[in-house]
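Here are the chains, one letter per residue:
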Amino acid sequence: MADLVVPPLGESISEAVVAKWLKQVGDAVAIDEPIAELETDKITVQLPSPIAGALSEQRSAVGATVKVGEVIGAVEPGKAGAKPSPSASPSASPSPSASPSPSPSPSPSPSPSRAPAAAAAAVPAPAAPRSPAAPSGNGLDKDSLLRLTPSQRVTAREVGTLPSAPSAPSAAPAGPNDAERLGRVDPRDEVVPMSSLRKRVAERLVQAQHEAASLTTFNEVDMSAVMELRGKYKDSFEKAHGVKLGFMSFFVKACVAAAKLFPGVNAEIIGGSIVYKKHYDFGIAVSTQKGLVVPVLRDCDTRSFAGIEKGIGELAERARTGKLTLPDLQDGTFTITNGGIYGSMMSTPLLNYPQTGILGMHNIVKRAVVVGDAVVVRPMMYVALSYDHRVVDGKEAVSFLVAVKERLEAPDRMLVEV
């Protein structure tokens, strides 16, 4: 018998959620055939069978949180399965058009067709259908809740359906705790456990706030020149390169040029040392159904405008279809995020720790500005740079943002690299 063991999932990732069982107990499997899908805060990975045989055990239910190295099932040798064809292999990619149900309800025990628990973001269902007694308004009876996994019972206990474990007395009570607050939730409200992605994002953002001296500086950019250039060449650009000419390639080019002048924003602190990166691998924030991910576009300094647009398009498509790999998300040196596509006028982006700089783009709005002695209407964008003040001084941060502004307002400078 061969155990199904949760494999290493990448740097800083110690656990995953069992998103789906692709095979049921008794099903024949071929060697390396995917048996289960594991969902981390970053990607979904498939767990292959180590041998040919039949699945003999499922130790962890769909929705259970499992640790790296944990055994979640077993395969019995001897019952060989046919090697699946690539087209027949179950896909880990969610449908781009799929969307989580806004109001999930209890359902029977987990099955291979059930959507990943973290993506559905719903309180896991009981092992068998029961008439819900709706304790504390969560729609599940007590017997059903007792069958939840330990990680799921935390949520059940918080809403007052399971006895709480004793805790050390507080030296100074400071109002109702989480369990008490959740116990008072209005029955009309919906209580949903945080997904593993959302939990990990929250942890990293809090870590960035605690470990970095984050500060933000702002400026505004007249986008007239960029928009004129795009309008003039967008059709011929797409015809020649097979990709649209967007705004992001201009910002990537401008940030590379500015980072070469002010290297502190393309750096990292390790212990008592500052590592100034001489490569420019930029994280480009992409929104997916599961939340925000930041795949990394490598070697931005050596890419053409077309190379940047193609690279971003490929990463975005893989992110939205769940095909990103761990290397796609690691070792970025700087990040660009564009809240403008959702209508954001101004925001303060949080550092993508341990990076020391992140640029926030915003929407383009026509505003009255003074040019020379005249008041004219121009398409303007606010830009924000958040930076780690332990590495980057205020003067350097402001100068970086000015350098970005200057190159966007005169994009021909980027063509001749000045």
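Please read these numbers as outputs of a predicted model, since none were measured by experiment. (Residues numbered from 1 in each chain as written. Predicted model: local features only at pLDDT ≥ 70, side-chain atom pairs only at ≥ 80, totals over all residues. Heavy atoms only, no water.)

### Looking at the pattern of salt bridges
Where charged atoms of side chains with opposite charge meet at close range, the side chains can pair. Counted by the stated rule, this structure contains 13 salt bridges. R318 is the partner of D328 in a salt bridge, and the nearest nitrogen-oxygen pair spans 2.5 Å. A residue pair is termed long-range when its members are at least 10 positions apart, and D328 in the loop between α8 (305–320) and β16 (334–338) and R318 in helix α8 qualify at 10 residues. For D328, a relative accessible area of 12% translates into the label buried. (Salt bridge = Lys/Arg side-chain N within 4 Å of Asp/Glu carboxyl O. Helix = DSSP H or I, 4+ residues; strand = E, 2+ residues; numbered from the N terminus. Buried < 20%, exposed > 50% of the residue type's maximum accessible area, 1.4 Å probe, protein only.)

### Quick notes on the nonpolar core
A general feature of soluble globular proteins is that nonpolar side chains tend to end up buried together. In terms of nonpolar packing, the biggest core is built from 70 residues, with W21, V252, F282, F334, I336 and F400 touching the most fellow members. With 9 residues, the top contributor of residues to this core is helix α7 (residues 248–261). Ranked by size, the runner-up nonpolar core spans 5 residues in total, among them A208, A212, Y353 and I358. (Core = buried A, V, L, I, M, F, W, Y, C linked by side-chain atoms within 4.5 Å.)

### Looking at a nonpolar patch on the surface
On the surface, F218, M345 and M346 cluster together to form a nonpolar patch covering roughly 290 Å² of accessible area. Locating F218 in the fold gives a position in strand β9 (residues 214–222). (Patch = residues over 30% accessible without salt bridge, like charges linked within 9 Å, V, L, I, M, F, W, Y side chains within 5 Å. Areas by Shrake-Rupley, 256 points an atom, 1.4 Å probe, with all protein chains shown as cover.)

### Some remarks on the environment of M223
With respect to the helices, strands and loops of the structure, M223 is situated in the loop between β9 and α6 (224–241). With a relative accessible area of 0%, M223 lands in the buried category. Note: C-alpha distance between M223 and M381 (158 residues apart in sequence) is 6.9 Å. With near-sequence residues (within four places) excluded, M223 lies in contact with F247, F251, I364, P379 and M381. (Contact = heavy atoms within 4.5 Å.)

### Observations regarding the packing of α7 against α8
At a closest axis distance of 9 Å, the pairing of α7 and α8 adopts a crossing angle of 115°. Relative to α8, α7 is oriented roughly perpendicular. Where α7 crosses over α8, the handedness of that crossing is right-handed. In this structure, α7 contributes M248, S249, F250, V252 and K253 to the contact, and α8 contributes F305, I308, E309 and I312. For the contact of α7 with α8, the residue count by class is 6 nonpolar, 1 polar and 2 charged. (Axes fitted to C-alpha atoms, helices over the stretch in contact; angles between N-to-C directions. Parallel < 35°, antiparallel > 145°, perpendicular 65-115°, else oblique. Left-handed = near helix turned anticlockwise from the far one by under 90°. Nonpolar A, V, L, I, M, F, W, Y, C, P; charged D, E, K, R; others polar.)

### Thoughts on unusual backbone geometry
Between Y353 and P354 the backbone carries a cis peptide bond, its omega angle lying at 10°. Within the secondary structure layout, P354 lies in the loop between β16 and β17 (357–361). Positive phi values are uncommon outside glycine, yet D32 reaches one of about 70°. As for its placement among the helices and strands, D32 is situated in the loop between β3 (28–29) and β4 (34–39).

### A short note on the pairing of strand β2 (residues 15–21)
Judged by how many residues are buried, β2 sits mostly within the fold: 6 of 7 residues are covered. Alignment of β2 against strand β7 (residues 65–67), held across 3 bridges, turns out to be antiparallel. Bridge assignment links E15 to a residue of β7, and that residue is K67. (Pairing = 2+ DSSP bridges.)

### Structural notes on the side chain of E396
Of note, E396 is situated in helix α9 (residues 394–409). Buried E396, no salt bridge; nearest opposite-charge side chain is K395, N-O distance 10 Å. A distance of 3.2 Å separates the side chain of E396 from the backbone nitrogen of G264, its partner in a polar contact. If we skip the residues at most four places from it in the chain, E396 touches F262, P263, G264 and V391. (Lys, Arg positive; Asp, Glu negative; His and termini not counted. Polar contact = N/O pair within 3.5 Å; in protein donor to acceptor, adjacent residues only side chain to side chain.)

### A word on α8
Here α8 contains 16 residues, and its C-alpha end-to-end distance of 23 Å stays within 8% of the 22 Å for a straight helix at 1.5 Å per residue. F305, A306, G307, I308, E309, G311, I312, L315, A316 and A319 are the residues of α8 that are buried. Looking one or two residues beyond α8, the residue adopting positive phi is G322, at roughly 75°. (Expected span 1.5 Å × (residues − 1).)

### Section: the sheet that holds strand β5 (residues 44–48)
What the 4 strands build is an open sheet, ordered β5-β4-β2-β7; its pairing is antiparallel. Looking along the sheet, the strands with just one partner apiece sit at the ends: β5 and β7. Adjacent strand axes in the sheet meet at a mean angle of 45°, parallel and antiparallel pairs treated alike.

### Here's the deal with the packing of aromatic side chains
Summed over all chains, the structure comprises 3 aromatic pairs. With a centroid separation of 5.1 Å and 65° between ring planes, the pair formed by F250 and F305 is classed as edge-to-face. Taken together, the residues span a long stretch of sequence, with F250 in helix α7 and F305 in helix α8 at a distance of 55 residues. Taken together, F282, F334 and F400 form an aromatic cluster joined through their ring pairs. The side chain of R230 reaches across the aromatic face of F247, ending 4.2 Å from its centre. The cationic tip of R367 hangs over the ring face of Y382; the distance from NZ or CZ to the ring centre is 4.3 Å. (Phe/Tyr/Trp six-rings, centres within 6.5 Å; stacked < 30°, edge-to-face > 60°. Lys NZ or Arg CZ within 6 Å of the ring centre and 35° of its normal.)

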